[in-house]
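Coordinates in review
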Amino acid sequence: MSAKPVPDQARIVIIGGGAVGCAIAYHLTQMGERDVLVLEKAQLTHGATWHAAGLVGQLRGSRSLTRMMQNSVALMDRLAGETGQETGWRRVGSLRAASSKARWQEIRRTATTARSFGFEMHLLSAGEARDLFPLMSTDGVEGVAYVPSDGYIDPYSYTMALAAGARAGGAHIREGANVTALERRGRRIVSVTTDQGVVKCEVLVNAAGMWARELGALAGVPVPAGAVEHQYCVTDKSQNIPVDLPTFRDPDHNFYLKPEVGGLVIGGWEEGTRPFGVDGIPPGFGRALFDGNFDRFERILLPAAQRVPVLNELGIQTLINGPIPMSPDGEPVMGRAPELDNFYLACGFTAGVAASGGAGQAMAQWILTHRTSLDLWPFDVRRFGEHHMNPRLLHERCVEAYAAYYKLHLPGEEPESARGVRRSPMYDALLQRGAVYGSKFGWERPLVFASAAGTTAAGFDRPGWRETVGWEHRQVRENVALIDQTSFAKFEIHGRNAFKTLQWLATNDLDRAPGSVIYTQMCNTRGGIEADVTLIRLAEDRFYLVTGSGFGVHDGDWIRRHLPGDGTVTLSETTSARAVINICGPNARAVLQSVCDADLSHEAFPYMSARTVWIGYAPVLAVRITYVGELGWELHIPVEYAAQVYETLRSAGEAYHIADVGYRAIDSLRMEKRYLYWSSDISPEYTPYEAGLGFCVKPGKGDFLGAEALARQRETKPDRHLCTLLLAPDTPLFGGEAIWADERIVGTTTSGNQGYTVGKTIAFGYVPAAYRARHEFEVEAFGERHPANRVDRCPYDPDRHRILS
């Protein structure tokens, strides 16, 4: 360990000398930043990196995330030659076996996604896979995925090469520098205190791995990252093991494998692992391991031996049991912490070695340009909320995410741990009426009502959905329904400059009378959509904002960072103060009018307007708006009145056979109306003009954030457009499928679902502008191509007669 004192100052300080921290330092120097300091409390790789298995797999569920992993492999390909230091990188390819029909269906779907963004992946027969991996038994193998560019790497050598590259670019690395305190002034960390001195800094990066939560506490920033035990073994050597085997995974048998100098490395993701560091990590823990748990490891090794019989002949040379970082959903935690202006997070990496190259590049871009070249929302720290920071919830979810790593992930699946955390006032009443709940941002939300017409289950073929979801869908279209949407994130923005600030952030024109409802996007300087929200003008200087359940932290952070610093605007989250009941359908007015004191006629209460009314005994902010494409009102109710309002509406609706409806029906309904969902259909990667939301952009209102970029695009025309495609009923689409035209892939679907009223499967997807006039496409689902017809308007009620009735 170095005894050199730390420098007095550094512009960017990275805490953590694992693969991720060193990769960030490397990429910062590659982008021209020289004033970089890495602080490592022990030695480089200590913690989780040094004992990592080192498998590198690239394919993920989206283009951006796969691209990040591809960037890692691109760095691994060149790093040894660039630095002169061997990394142990072996590009031997990877095999993923399907030992069940459901898994093979999942892999075929993954192959479709891979093709949609040009990623090389091959589907092999069991026999073809055995030619590449002679040790496997083909019994019960439905098929195998082969990715030739995957491989494995030596974590220690790779990290040392990253460190060498960072040093060559001007970065400094100090080992043996234990961080003991962080000095915070306002919304910034200004210095780092270590046992080797104090460093002033402009930017601080938390890449502390399993210590990330403890380091965050020093900054007053809760970090949703824990750690769990992970085991793998190294077998004895054998002459029966061929040279240059590809890596091998059989998720149905819950194991991974890589060659190891004449032997094999076997690991997996068993149920019942133990969390680590719940009450803090012991002082001095660094290059340390736990005692092996052979009883637990047997759950991995025995199934692995069924697929790779040679394991029955090999002894275990070493059983390694070490801590690995984990987040509540199993994905990394990246980005700028919403609590501070200069504190970045790069932690919670379960596959940190594999992801480090691409993650380091993304973090360097984030730090230096405040943007990344990829849409990394699934990794963004702002996807988590306060409840995720609860130690009990955090570690329960970490253990569940660990065990789910190789489980079959079906559309509609829900977490099992840490349930019932946030409940609306209608929770018990809806449960008694058959609500099947799902979890969203801690909220229990009704997905479907099983008592309505059967039930639904998770599955690629949406088992039972036509009966249950289709029935609920029709109640909204043909009658009247209630939907509990209490989980909406809600904010109030008020103050002397509230209008001016929001007018600058919004693409739409907010200069409207109090009581107006405005649907708008908030864009970045490139015109990308950072938020998709509804604003209600309550008064000249007071606005009420509504956004999606899981987007409150993100959208609140975006607005907060653009508030004036003079105190003339206040942003307050009011999510927990108001419940929301959506009453919708052609009979919604009749039911609501019978218990409401206000005139609800279209003339007196027009679409996109709001006012406070009395319903029963309750004061309610009634908002005439829809996300399902029917006449209706969102009723925003003080929580203490919500149960009474629900009971009042249910009683009034009995004569109409009013129904309760869940979120699965909402998704079907919104797709028939071409209503978009942020994070899938729209995101910072797409502009309003590309998404068909140009009607929300008002260039004549004056300057606003993103106006210049959008003006350029308006002149030059977008080079891609979001289109709506109709396919045969029950085509299994979920988003991520390849769109074909002229025998080549021209785009990727962003959403897919059944349209129960129009009798078609509906998909959204971006295609190049050259295909804007084309109507005939194909969409590939599970390896099969299905005819798709593009429609120029929304499939249901394009003239909005229902909404404006």
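Refer to the structure presented above.
Structure report, in brief. Numbering of residues starts from 1 in every chain and runs along the sequence as written. The model is predicted, so local features are restricted to residues of pLDDT at least 70 and side-chain atom pairs to those at 80 or more, both for listing and for counting; the totals for chains, interfaces and linings are taken over all residues. Derived side-chain values reflect all non-hydrogen atoms in the structure, with water molecules and hydrogen atoms excluded from consideration.

Each strand in a sheet pairs with another by means of backbone hydrogen bonds, the pair being arranged parallel or else antiparallel. One requirement defines pairing of two strands: DSSP has to find at least two bridges between them. Each helix is a run of DSSP H or I of at least 4 residues and each strand a run of E of at least 2, with the numbering of both proceeding from the N terminus. In spatial order, the strands read β24-β25-β26-β23-β27; together these 5 strands make up an open sheet with antiparallel pairing. With one partner strand each, in any of the chains shown, β24 (517-523) and β27 (570-573) form the two edges of the open sheet. Each adjacent strand pair in this sheet contributes to an overall mean axis angle of 30 degrees, direction not counted. Sheet topology places strand β23 (residues 489-494) next to strand β26 (residues 542-547); 6 bridges connect them, and they run antiparallel. Working convention: axes come from line fits to C-alpha atoms, limited for helices to the stretch in contact. Angles between N-to-C directions cover 0 to 180 degrees.

Here the focus is the pattern of salt bridges. One side-chain nitrogen of Lys or Arg within 4 Å of one carboxyl oxygen of Asp or Glu is enough to make a salt bridge. Summed over the entire model, instances satisfying the criterion amount to 40 salt bridges. Arg 793 is the partner of Asp 799 in a salt bridge, and the nearest nitrogen-oxygen pair spans 2.6 Å. The structure contains a network of salt bridges with shared partners spanning Arg 187, Asp 341, Asp 380, Arg 382, Asp 557 and Arg 561.

The next thing to look at is the side chain of Arg 674. Structurally, Arg 674 can be placed in the loop between α17 (663-672) and α18 (688-691). Summary of buried charges: Arg 674 has no salt-bridge partner, and the nearest side chain of opposite charge, Asp 681, is 8.6 Å away. Polar contact is the term for a pair of N or O atoms within 3.5 Å; when the atoms are in protein, one must be able to donate a hydrogen and the other to accept it, and sequence-neighboring residues count only if both atoms are side-chain atoms. Looking at Arg 674, its side chain comes within polar contact range of the main-chain oxygen of Leu 722, at 3.0 Å. Contacts of Arg 674, omitting those with residues within four sequence positions, involve Ala 691, Gly 692, Leu 722, Thr 724, Phe 764 and Cys 794. When accessible area is computed with a 1.4 Å probe and restricted to protein chains, residues below 20% of their type maximum are described as buried, those above 50% as exposed, and intermediate ones as partly exposed. Residues scored as charged are limited to Lys and Arg (positive) and Asp and Glu (negative), so that His and the chain ends carry no count. When checking whether two residues touch, look at their non-hydrogen atoms; a contact exists if any pair is within 4.5 Å.

Using a 1 Å grid laid over the protein atoms alone, points where a 1.4 Å probe fits but cannot get out form a cavity; open sets with protein on both sides within 12 Å along at least 5 of 7 lines form a pocket; any residue with an atom within 4 Å of a point counts as lining. Grid points are joined across faces, edges and corners, and a volume is the space filled by probe spheres set on the points. For the structure on display, the rule yields 4 cavities of 30 Å³ or more. Taken as a whole, the largest cavity spans an internal volume of roughly 60 Å³. Considering the residues around the largest cavity, the lining is formed by Met 210, Arg 213, Glu 214, Ala 225, Gly 226, Ala 227, Phe 276, Gly 277, Ile 281 and His 395. For the lining of the largest cavity, the secondary structure elements donating two or more residues are α6 (212-219) and β12 (226-235). Residues are grouped as follows: Ala, Val, Leu, Ile, Met, Phe, Trp, Tyr, Cys and Pro are nonpolar; Asp, Glu, Lys and Arg are charged; every other residue, Gly included, is polar. In terms of residue class, the lining of the largest cavity is built from 5 nonpolar, 3 polar and 2 charged.

Attention now goes to the packing of helix α2 (residues 63-83) against helix α8 (residues 352-369). Orientation of α2 relative to α8, taken along the N-to-C sense of each, is 100 degrees, at an axis distance of 7 Å. Relative to α8, the element α2 is oriented roughly perpendicular. Contacts between α2 and α8 involve Met 68, Met 69, Asn 71, Ser 72, Leu 75 and Met 76 on the former and, on the latter, Val 353, Ala 354, Ala 355, Ser 356, Gly 357, Gly 358, Ala 359 and Gln 361. For the contact of α2 with α8, the class distribution of residues is 8 nonpolar, 6 polar and no charged. An angle below 35 degrees is treated as roughly parallel, one above 145 as roughly antiparallel, one from 65 to 115 as roughly perpendicular, and anything else as oblique.

Attention now goes to the pairing of strand β17 (residues 316-326). Of all 11 residues in β17, 8 are buried; the element is thus mostly enclosed. Two strands pair when backbone bridges link them, and β12 and β17 are joined in this way by 10 bridges, in the antiparallel orientation. The residue bridging Gly 226 from the neighbouring strand is Met 326, located in β17.

Looking now at helix α12 (residues 465-478). For α12, spanning 14 residues, the distance from its first C-alpha to its last is 18 Å, which sits close to the expected 20 Å at 1.5 Å a residue. The set of residues buried in α12 consists of Trp 465, Thr 468, Val 469, Gly 470, Glu 472, His 473, Gln 475, Val 476 and Arg 477. To estimate the expected span of a helix, count its residues, drop one, and scale the result by 1.5 Å.

Glancing now at the sheet that holds strand β31 (residues 632-638). What the 6 strands build is an open sheet, ordered β29-β30-β31-β28-β22-β32; its pairing is mixed. Single-partner strands in this sheet number two, and they are β29 (610-615) and β32 (659-660).

This next bit is on the nonpolar core. Counting residues in each nonpolar core, the largest one holds 50 residues, and the members touching the most others are Ile 14, Ile 24, Met 68 and Met 334. With sequence-adjacent residues up to four places away left out, Met 334 is seen in contact with Met 68, Leu 345, Phe 349, Ala 359, Ala 362, Met 363, Trp 366, Leu 376, Phe 379, Asp 380 and Val 381. To form a nonpolar core, buried Ala, Val, Leu, Ile, Met, Phe, Trp, Tyr and Cys residues must be joined to one another through side-chain atoms within 4.5 Å. Core analysis: the second largest hydrophobic core is formed by 38 residues, Leu 39, Ala 48, Leu 182 and Ala 212 among them.

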